[in-house]
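Summary of the model geometry
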Amino acid sequence: MAINKLIILKNKEEAARRAAEIFVEAIQRKPNLVLGLPTGKTFVPIYREIVKLCGKKKISFAGVKTFNLDEYFGLKFGDKRSFRYYMNRNFFSKAGMGEGKIFMLNGDVKDFRRECLDYEREIRKAGGIDLLFLGIGLNGHIGFNEPGSSFASRTRRVKLTESTRKSNAVGVPGYALTMGIGTILGARKIVLVATGRNKSLVVRKIINGEITTRVPASALRRHKNTTVILDKDAASGLKNNKKI
Ligand code: GLP
């Protein structure tokens, strides 16, 4: 079992350009594409490249739907620490995406169970996710599926680890809503991007280590169509690239 395709590039700028190309080519092939989108620092330059490339190639988002992976639970709508704020600022406003096509978990609700079930239903109604982009947390989390999450998990409320809260924005809540690992694995194609030396250890674990719930991203090796894009720094801990 292996990751389908491993792409190692010189630096994070090249990684961002490659991820943007995959994004744009997918919309060109299927104008009503259903996308899964992440947040995080890794994706700031990627969204910048995507906006640039979409402008250059005159890509229309008219038919595209997006589903974000996760959101903090308990922040007011529009809070600057929320992923909605991040997405509006880095992508939606710049790409000119219409509200009706943007799906994000709302962390400002009382009935989080209903919110999560509705989200799963919306994904199904859209026909499933065609292409899902992922970053990775230092402990191997994808979305907000922390170590120990079941590979069959669906969208739900989760408790965040202290280390995740520390490495994200200052003063973020202790809980979040996230697509489950099962939901993520349901995407037809997955592209994971990791850059920087601080990701090298976790990258090595997911690619060279065991498939285990202790490292949530190792679940991607059970998926049929996953591409991993790394810069040299993130790839620096890999044992033997040729074997992958
Ligand atoms: C958060 C998000 C993840 C993201 C991770 C890595 O925890 N929930 O989806 O992959 O951050 O973020 P960064 O790119 O800032 O390292």
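It should be noted that the structure appears before, not after, this text.
For the structure given in this document, a descriptive report is provided here.

Sheet strands associate in pairs through backbone hydrogen bonding, adopting either a parallel or an antiparallel arrangement. Reading across from one edge, 4-8-7 is the order of the three strands in this open sheet, with antiparallel pairing throughout. Strands with a single pairing partner mark the edges of an open sheet, and in this sheet they are strand 4 (70–72) and strand 7 (156–159). Geometrically, the sheet is characterised by an average inter-axis angle of 30° between neighbouring strands, direction not taken into account.

Attention shifts here to the nonpolar core. Counting residues in hydrophobic clusters, the biggest one holds 44 residues, and the most contacted among them are Phe23, Leu37, Phe61, Phe91, Phe133 and Ile229. Of all the elements in the fold, those that place two or more residues in this core are strand 1 (5–9), helix 1 (12–29), strand 2 (34–37), helix 2 (43–56), helix 3 (83–95), strand 6 (131–134) and strand 9 (189–194). The element contributing the most residues to this core is helix 1, with nine residues. Setting aside residues up to four positions removed in sequence, Phe133 forms contacts with Ala19, Ile22, Phe23, Leu35, Gly36, Leu37, Pro38, Phe43, Leu69 and Val191.

With that settled, the discussion passes to the side chain of Ser218. Structurally, Ser218 can be placed in the loop between helix 7 (200–208) and strand 10 (226–231). Since its relative accessible area comes to 0%, Ser218 is described here as buried. Residues in contact with Ser218, not counting those within four places in the same chain, are Phe151, Ile206, Glu210, Ile211 and Thr212.

Once that is clear, we can look at the environment of Leu6. Structurally, Leu6 is set in strand 1. A C-alpha to C-alpha distance of 9.7 Å links Leu6 and Ile207, two positions 201 residues apart in sequence.

Moving on, we come to the site of the ligand. The ligand sits among Gly40, Lys41, Thr42, Asp70, Phe83, Gly135, Ile136, His141, Gly143, Phe144, Asn168 and Lys199. Separating an oxygen atom of the ligand from a backbone N or O atom of Ile136 is a distance of 3.2 Å. Within the side chain of Asn168, a nitrogen or oxygen atom sits 3.1 Å from an oxygen atom of the ligand. Contact with the protein chains hides 91% of the accessible area of the ligand, taken as 390 Å² for the molecule alone.

Going residue by residue along strand 2, you find Val34 and Gly36 tucked away on one face and Leu35 and Leu37 tucked away on the opposite face as well. Sheet topology note: the strand 2/strand 3 (residues 65–68) ladder contains four bridges and is parallel. Within strand 3, the residue paired with Gly36 across the bridge is Phe67. In the sheet, strand 2 pairs with strand 6 via two bridges, with the strands oriented parallel. Within strand 6, the residue paired with Gly36 across the bridge is Leu132.

Attention now goes to unusual backbone geometry. Even without glycine at this site, Lys58 takes up a positive phi of about 55°. On the secondary structure map, Lys58 appears in the loop between helix 2 and strand 3.

So, how was this worked out
Residues numbered from 1 in each chain as written. Predicted model: local features only at pLDDT ≥ 70, side-chain atom pairs only at ≥ 80, totals over all residues. Heavy atoms only, no water. Pairing = 2+ DSSP bridges. Helix = DSSP H or I, 4+ residues; strand = E, 2+ residues; numbered from the N terminus. Axes fitted to C-alpha atoms, helices over the stretch in contact; angles between N-to-C directions. Core = buried A, V, L, I, M, F, W, Y, C linked by side-chain atoms within 4.5 Å. Buried < 20%, exposed > 50% of the residue type's maximum accessible area, 1.4 Å probe, protein only. Contact = heavy atoms within 4.5 Å. Near = heavy atom within 4 Å. Polar contact = N/O pair within 3.5 Å; in protein donor to acceptor, adjacent residues only side chain to side chain. Areas by Shrake-Rupley, 256 points an atom, 1.4 Å probe, with all protein chains shown as cover.

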